[in-house]
Amino acid sequence: MSPCGFLRLLSSVHGPVSWWSDDPYQVIVEAVIVQNTAWENVLAVRRSLSGKLSPGWLSALSDEELHEAIRPCGFQKAKGACLRSLTAWFLENEDRVRCLETEQIRDELMLIRGVGRETADVILLYAFHWPVFVTDAYSRRILGRFGFSFSSDDMIRDYFEGSLGTQELGSLHWLILETGRTWCRKSPRCHQCPLASSCATGSAAQPNTRLG
Ligand code: SF4
């Protein structure tokens, strides 16, 4: 299945996708606090910080205030420290980011404690609108079950980044997350999944209805 075909297929079952946020700093903060927690917890923090979140506001918080602000997402000390470093990086580099290569920004982000490849790519894609495919546990799992035979994350990235632009890659990451959260969990719910007839694992799980 082509990258465009896969995107169309996921879109057909989930409907239109909204972009993460128009505010790059909000994307950066949420890319950190979403680590190892459910998206619902991020939404709870988003609601409580609505109208307040900015680099200046966060920088002025004490550690205790910052930890309390992100408490629903857990790991407050580690995530708080990461947010402080990322906020400093953002304030220093926001205007310069557009002049740099993708790899240079990614390398700089990944020097910050708590920012791994996945978080860096989420920031590149949704905050700075670079055409990056975010590889994560959901994408590896779903693509593998669908029958794609990628042997590395680089192969996955090359396949999708070679055909899709920023908007499409952003939509695809959301659609993969939605699919993983709804049906393609660690224990897949193939019998409920509307993608089953197009998916290798789902097709194999369907009951054989032929007679004779
Ligand atoms: S059919 Fe099953 S394996 Fe395929 S995407 Fe749906 S839940 Fe995952």
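Residues numbered from 1 in each chain as written. Predicted model: local features only at pLDDT ≥ 70, side-chain atom pairs only at ≥ 80, totals over all residues. Heavy atoms only, no water.

Across its full length, the chain holds twelve helices and zero strands. Listed N to C, the secondary structure of the chain is α-α-α-α-α-α-α-α-α-α-α-α in terms of helices and strands. Referenced to the eigenvectors of the C-alpha coordinate spread, the extents of the chain come out at roughly 75 × 35 × 30 Å. Relative to its 212 residues, the chain shows a buried fraction of 45%. Of the roughly 11000 Å² that the chain leaves accessible, carbon and sulfur atoms contribute 50%. Side-chain charges of the chain comprise 22 positive and 24 negative groups, with the mean position of each set lying 10 Å from the other. (Helix = DSSP H or I, 4+ residues; strand = E, 2+ residues; numbered from the N terminus. Buried < 20%, exposed > 50% of the residue type's maximum accessible area, 1.4 Å probe, protein only. Areas by Shrake-Rupley, 256 points an atom, 1.4 Å probe, with all protein chains shown as cover. Lys, Arg positive; Asp, Glu negative; His and termini not counted. Charge placed at Lys NZ, Arg CZ, Asp CG, Glu CD.)

One finds Phe6, Leu86, Phe128, Phe160 and Leu172 to be the most contacted residues of the largest nonpolar core, which totals 64 residues. In contact with leucine 86, not counting residues within four places along its chain, are Ile28, Val32, Leu109, Ile112, Val115 and Ile123. (Core = buried A, V, L, I, M, F, W, Y, C linked by side-chain atoms within 4.5 Å. Contact = heavy atoms within 4.5 Å.)

The N-to-C vectors of helix H2 (residues 24–33) and helix H8 (residues 117–127) enclose an angle of 160°; their axes lie 9 Å apart at closest approach. Relative to H8, the element H2 lies roughly antiparallel. In the crossing of H2 with H8, the sense of the turn from one axis to the other is right-handed. Contacts from Pro24, Val27, Ile28 and Ala31 of H2 reach H8 at Thr119, Val122, Ile123, Tyr126 and Ala127. The class makeup of the residues in the contact of H2 with H8 is eight nonpolar, one polar and no charged. (Axes fitted to C-alpha atoms, helices over the stretch in contact; angles between N-to-C directions. Parallel < 35°, antiparallel > 145°, perpendicular 65-115°, else oblique. Left-handed = near helix turned anticlockwise from the far one by under 90°. Nonpolar A, V, L, I, M, F, W, Y, C, P; charged D, E, K, R; others polar.)

Turning to unusual backbone geometry, a few remarks are in order. Note: most peptide bonds trans; most residues except glycine with negative phi. Its identity is not glycine, yet asparagine 36 carries a phi of approximately 55°, on the positive side. The topology assignment puts asparagine 36 in the loop between H2 and helix H3 (39–49). Under the relative-accessibility criterion, asparagine 36 is labelled exposed at 65%.

Moving on to the domain arrangement of the chain. One can read the domain layout of the chain as domain 1 (3–17 + 134–198) and domain 2 (24–127). Between domain 1 and domain 2, the C-alpha centre-to-centre distance is 25 Å. Contact with domain 1, which involves ten residues of that partner, is made by seven residues of domain 2. Buried area between domain 1 and domain 2, both sides added, is near 790 Å², and the carbon and sulfur share of it is 64%. Interface area lost by domain 1 to domain 2 is led by Val134, Arg157 and Trp174, which between them contribute 50%. In this structure, the connection of domain 1 to domain 2 is made through zero salt bridges. Linking domain 1 to domain 2 there are one residue pair in polar contact (both at pLDDT 80 or more). Residues belonging to the side of domain 1 that touches domain 2 are distributed by class as follows: three nonpolar, four polar and three charged. (Domains from an automatic or database assignment. Buried area = accessible area lost by both parts, 1.4 Å probe. Salt bridge = Lys/Arg side-chain N within 4 Å of Asp/Glu carboxyl O. Polar contact = N/O pair within 3.5 Å; in protein donor to acceptor, adjacent residues only side chain to side chain.)

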